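What the coordinates show
Here is what each chain is made of, one letter per residue.
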Amino acid sequence: ELSANQQLQVESVRQELVLINKPAIEKTLANIIFPLHFVDYETFPTAVPKLDNMGPHNHLVFQVSIHTMQKNGALTHFEWLGDKLEQPNEMLKQMQNFTGLTGTFVSWNAPFEVGRNKDMLAWIPEFTEFLNYMNSHMFDLETVFKGDYVDYRFGGRTSIKKVLPVLCPQFSYSNLEVQDGTMALDTWGRMVSDPNFKEDIKQTRKNLLEYCKLDTLAMVEIYKVLKFII
């Protein structure tokens, strides 16, 4: 027996059709409030905790990118990248100054960002109001592609790296030095903790920032495509 979403995937492949439920997408997007803060974290989990109060495999947030879109389409960008193993107090301070307690935070696979915010609520309680606001105003853009926008060219997947090349072929991760989250955490972990790290730190930071920036820009561009088709 196939679920309704699985059946859609089968039909999309069988007929080589893009199946779009425009009324459902329009209703979903109508419920999010501007400004839209497209947000993405990069994290560093370790089996052996590196900081006080952290447990095995807890995720230390070491990077964030936010593209904020106003209702008129104006776009601004904020990014932060840590330079040592420490809780990201400064990151949260700057994030709060950038976004305020306004609008909707948009992520891809929102449970990940929500989970990291819950972790930081315990570790950095002075930002409780901000983190709670983020979590209570979080929208998961990936959910649109779970059943309302099904394209056989995604290969049955809904990750942003499968959706972006189909909807926005002018953007690509393939020409970046850092191409996925695993590469990001490995690169950053070596940069801040390996005394034998030989790569150029300035260039390495630039590579990490470019990767995370594309993650949130990708969400912006995918959102624009969805708005255009409805």
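See above for the structure.
Remember, it's a predicted structure, so these values are computed and weren't measured experimentally. (Residues numbered from 1 in each chain as written. Predicted model: local features only at pLDDT ≥ 70, side-chain atom pairs only at ≥ 80, totals over all residues. Heavy atoms only, no water.)

**A word on the overall build of the protein chain**
- The number of helices and strands found in the protein chain is 9 helices and 7 strands.
- Relative to a compact globule of 230 residues, whose C-alpha radius of gyration would be 17 Å, the protein chain shows 19 Å and is just as compact.
- By its C-alpha atoms, the protein chain is 55 × 40 × 35 Å across when sized along the principal axes.
- Among the 230 residues that make up the protein chain, the fraction classed as buried is 46%.
- With 22 positive and 28 negative side-chain charges, the protein chain shows a spacing of 3 Å between the two charge centroids. (Helix = DSSP H or I, 4+ residues; strand = E, 2+ residues; numbered from the N terminus. Rg over C-alpha atoms; globule rule 2.2 N^0.38 Å. Buried < 20%, exposed > 50% of the residue type's maximum accessible area, 1.4 Å probe, protein only. Lys, Arg positive; Asp, Glu negative; His and termini not counted. Charge placed at Lys NZ, Arg CZ, Asp CG, Glu CD.)

**Digging into the nonpolar core**
- If you look at the biggest cluster of nonpolar residues, it comprises 66 residues, and the most contacted ones within it are Met95, Phe145 and Ile222.
- Tallying contributions element by element places helix α9 (residues 201–229) first for this core, with 10 residues. (Core = buried A, V, L, I, M, F, W, Y, C linked by side-chain atoms within 4.5 Å.)

**A look at the sheet that holds strand β4 (residues 75–81)**
- Pairing within the open sheet is mixed, and its 5 strands lie in the order β4-β3-β2-β5-β6. The sheet is open, and its two borders are formed by β4 and β6 (138–140), each paired with just one other strand. Sheet twist, expressed as the mean angle between neighbouring strand axes with direction ignored, is 30 degrees.
- Judged from the 10 bridges that link them, strand β2 (residues 36–45) and strand β3 (residues 59–69) form a sheet pairing that is antiparallel. (Pairing = 2+ DSSP bridges. Axes fitted to C-alpha atoms, helices over the stretch in contact; angles between N-to-C directions.)

**A few points about the environment of Ile32**
- Here Ile32 shows up in the loop between α2 (22–30) and β2.
- When the C-alpha positions of Ile32 and Phe139 are compared, they lie 7.5 Å apart, and in sequence the two are 107 residues distant.
- When residues no more than four places from it in sequence are discounted, the contact partners of Ile32 are Thr104, Phe139 and Tyr223. (Contact = heavy atoms within 4.5 Å.)

**Side note on unusual backbone geometry**
- Put simply, Phe34 and Pro35 share a cis peptide bond, and its omega is -5 degrees.
- The backbone phi angle of His57 is positive, close to 65 degrees, even though this residue is not glycine.
- Mapping His57 onto the fold places it in the loop between β2 and β3.
- What makes His57 exposed here is its relative accessible area of 53%.

**Quick look at the pairing of strand β5 (residues 104–107)**
- Both faces of β5 are covered, namely the face carrying Thr104 and Val106 and the face carrying Phe105 and Ser107.
- Taken together, the 3 bridges between β2 and β5 define a ladder with parallel strand orientation. Across the sheet, the residue bridging to His37 is Phe105, located in β5.
- Relative to β6, β5 runs parallel, the two sharing 3 bridges. Considered in β6, the bridge of Phe105 is made with Met138.

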